[in-house]
Amino acid sequence: MALEDYRTYMETCRRCSACKFIPFEKVTGFDNVNVCPSIARYDYHTYCGGGRMVMGTALLENRLDFTDKLKEVVYNCQMCGACDTSCKYSMDMELTEPIQEIRFRCVEAGKTNPALDKVINSLRKQGTMVPGAKVKRGDWASGLDLKNYTREKVDVIYHVGCQTSFNKDMWKLAKTTAKLLQKAGVNFGIGEEQETCCGGRAYQMGYKQDFMNQAKNSMAMIKMSGAKTLVTGCAECYHAFKVLYDQYNLKGKLEVLHTTEYLARLIKEGKLKPKKNLDMTVTYHDPCHLGRMGEPWVKWEGKEIITDIRITDPPKDYRRGTYGTYEPPREVLKSIPGLRLVEMDRTKEYAWCCGAGGGVNETNPEYCMWTALERIKEAEQTGATAIVTACPWCIQTLNEAIAQKGSSLKVYDVIELLEKAL
C-alpha cells in the first residue's frame with residue numbers, strides 16, 4: 001500500500017488526543033498517563049499520532065515540503081505503535097501504517113537522516129545494523145559446538161540477530177539461550193556467518209527496499225534449510241519475521257517464536273524445570289515489537305464504504321495490540337520459585353517504549369535516553385529491585401539509563417533468570 005491508500009484514515013482524525021494517553025480506565029493517578037514518547041517530550045501536536053495524520057494529508061496535497069523541520073518531526077518517533085493502539089481503543093483507525101509510509105516517502109525523496117544513512121550503509125556493506133562492528137556474526141558461539149542449519153538438518157533455527165551477534169556485552173544472552181535449548185534436548189542450529197540481518201530496523205527507518213532485500217535473502221536460506229520453526233530472542237527480529245514477512249507474503253508456513261514463547265512451551269512440557277529459589281522482586285518491561293507490534297498481521301482485502309461512519313466490506317479486523325506476546329515471558333518468570341513479579345502502571349499493549357526503536361537511538365540519543373529514564377522512574381515506583389525484559393535493544397538502553405540516573409535497579413533478560421533457577 002501507499003500513503004494515498006490511507007487518506008481516509010488521515011482525514012478521519014478529529015484531534016481527540018486518544019493517541020497521546022493510555023485509556024482512562026487504565027489511569028491510576030497523575031503519573032504515567034502518557035503513551036506516546038514523542039508528544040510527551042516535545043509537547044506540540046505535530047509530534048503525536050493525530051498530528052502526523054495531518055502531516056500525511058498535507059504531503060499528499062503538496063501543502064508541505066520535505067523541510068528540515070518536517071524531517072525532525074518524522075524521525076523523532078520510535079515507531080513503537082503506542083499511538084495506534086490507544087487510538088484504536090475508541091476508533092477504527094490506522095496510524096502506524098501511514099506514519100511508516102511517510103518515512104518511505106522521505107527516503108524516496110532523498111530526505112534522509114545522515115545517522116540512519118550510516119546504519120544502512122553498514123547493512124549494505126557489512127550485513128549488520130551495528131555500524132563499526134569488529135567481530136564476525138558467529139564469533140559468540142565459539143567453543144559451543146553448535147549445528148549450522150545451512151549445512152545440517154535441524155528442526156529449529158535459532159536466529160540471534162545483529163545486536164546480540166555484534167555487541168559483545170550481549171553474547172551471554174546468545175550463549176545462555178543455546179545452553180537452555182541444549183539442556184531441553186532441542187535439535188536446533190544457528191546460521192553463524194551465513195545468518196543475515198532480518199531487515200526489520202531498516203523498515204522502521206523507512207528504507208523499504210533494503211528491508212525487502214534482507215527479507216528475501218533470509219527466507220530463501222530458511223526455506224532451503226527445511227526447518228519449520230524459527231526462534232529469536234530479539235523483539236525487533238521477532239516482529240520482522242512474524243509480522244512484516246507475513247505482511248509482504250514472504251513468511252509462508254514458518255512458525256516464528258520468541259525465545260520466551262519457546263521456553264514457556266518447554267517448561268510446560270517438563271523439558272526445563274526451574275527448581276532453584278530466587279528471592280527477588282522484579283518488574284517486567286514489554287518490548288514494543290514483542291508486545292503490541294508483535295501481534296499477528298491481519299490479512300484483509302476489501303473496500304471501504306463511505307458513510308458517516310467507517311464501514312468495510314467485508315468487515316475488517318483491526319490489529320489493536322491485544323494479541324501481542326505478553327503472557328509467555330510472564331509465565332517463565334512465574335515458573336521460577338521465590339520470584340515475585342510486580343507490574344508497572346503501563347503494561348502490555350499500553351507499555352511505555354524503552355526509547356531505542358525507529359532509529360531514534362541513532363538520530364537523537366538524548367531523546368532516546370529521556371524516554372528510557374521515564375521507564376526507569378516508573379519501574380522504581382513498583383519497589384522492584386530489577387527490571388526484566390526480552391529484547392537486547394531494550395536491555396542496552398535501560399542499562400544506559402540506569403547508569404545515567406544512578407539507579408540501583410538491575411536489568412535482566414528473562415532467560416538469564418531462568419538459567420539461574422535451573
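Our structure's up above, just so we're on the same page.
Residues numbered from 1 in each chain as written. Predicted model: local features only at pLDDT ≥ 70, side-chain atom pairs only at ≥ 80, totals over all residues. Heavy atoms only, no water.

J.: I'd like to hear about the pairing of strand 7 (residues 303-306), residue by residue, with values.
T.: Pairing of strand 7 with strand 8 (residues 310-313) involves 4 bridges; the strand directions are antiparallel. Looking at strand 8, one finds that I306 is bridged to R310. If you look at the hairpin formed by strand 7 and strand 8, you'll find 3 residues sitting between the two strands. (Pairing = 2+ DSSP bridges. Helix = DSSP H or I, 4+ residues; strand = E, 2+ residues; numbered from the N terminus.)

J.: Help me get a handle on the nonpolar core, residues and values and all.
T.: Among the nonpolar cores identified, the biggest contains 136 residues, and M129, W140, Y245 and L417 are the most heavily contacted of them. Examining the composition of this core, we find that 7 residues originate from one element, helix 12 (residues 235-247), more than from any other. In contact with W140, not counting residues within four places along its chain, are L146, Y158, V160, S165, W171, A174, K175, A178 and I190. (Core = buried A, V, L, I, M, F, W, Y, C linked by side-chain atoms within 4.5 Å. Buried < 20%, exposed > 50% of the residue type's maximum accessible area, 1.4 Å probe, protein only. Contact = heavy atoms within 4.5 Å.)

J.: Kindly report on the pattern of salt bridges, identifying the contributing residues and their values.
T.: Evaluation of the coordinates by the stated rule reveals 30 salt bridges. Note that E72 and K69 form a salt bridge whose closest N and O atoms lie 3.2 Å from each other. Of the two residues, E72 and K69 are both situated in helix 4 (residues 68-75); the distance of 3 residues between them amounts to about one turn of the helix. Assessed through its relative accessible area of 32%, E72 is described here as partly exposed. Judged by relative accessible area, which is 47%, K69 ranks as partly exposed. (Salt bridge = Lys/Arg side-chain N within 4 Å of Asp/Glu carboxyl O.)

J.: Explain the side chain of R103 to me, and be specific about the residues and the numbers.
T.: By secondary structure assignment, the location of R103 is in helix 6 (residues 96-108). At 8.4 Å, E362 is the nearest oppositely charged side chain to R103, a buried residue that forms no salt bridge. At 2.7 Å, the side chain of R103 forms a polar contact with the backbone oxygen of G358. The residues touching R103, leaving out its near neighbours within four places in the chain, are V74, Y75, C77, M79, Q204, M205, G206 and G358. (Lys, Arg positive; Asp, Glu negative; His and termini not counted. Polar contact = N/O pair within 3.5 Å; in protein donor to acceptor, adjacent residues only side chain to side chain.)

J.: Give me the lowdown on the packing of aromatic side chains, citing residues and values where you can.
T.: Pairs of aromatic rings are described using the distance from one ring centre to the other and the angle between the two planes. One pass over the full model with this rule turns up 12 aromatic pairs. Geometrically, the ring pair formed by F104 and Y203 is edge-to-face, given 5.2 Å between the ring centres and 80° between the ring planes. You can see F104 sitting in helix 6 and its partner Y203 sitting in helix 10 (residues 200-205), a full 99 residues away along the chain. Just as F104 is buried, Y203 falls in that class too. A ring pair is formed by W352 and W370, whose centres lie 6.1 Å apart and whose planes are at 65°; its orientation type is edge-to-face. With W352 in the loop between strand 9 (339-342) and helix 15 (360-363) and W370 in helix 16 (residues 365-380), this residue pair connects regions lying 18 residues apart in the sequence. Overall, W370 belongs to the partly exposed group, its relative accessible area being 23%. (Phe/Tyr/Trp six-rings, centres within 6.5 Å; stacked < 30°, edge-to-face > 60°.)

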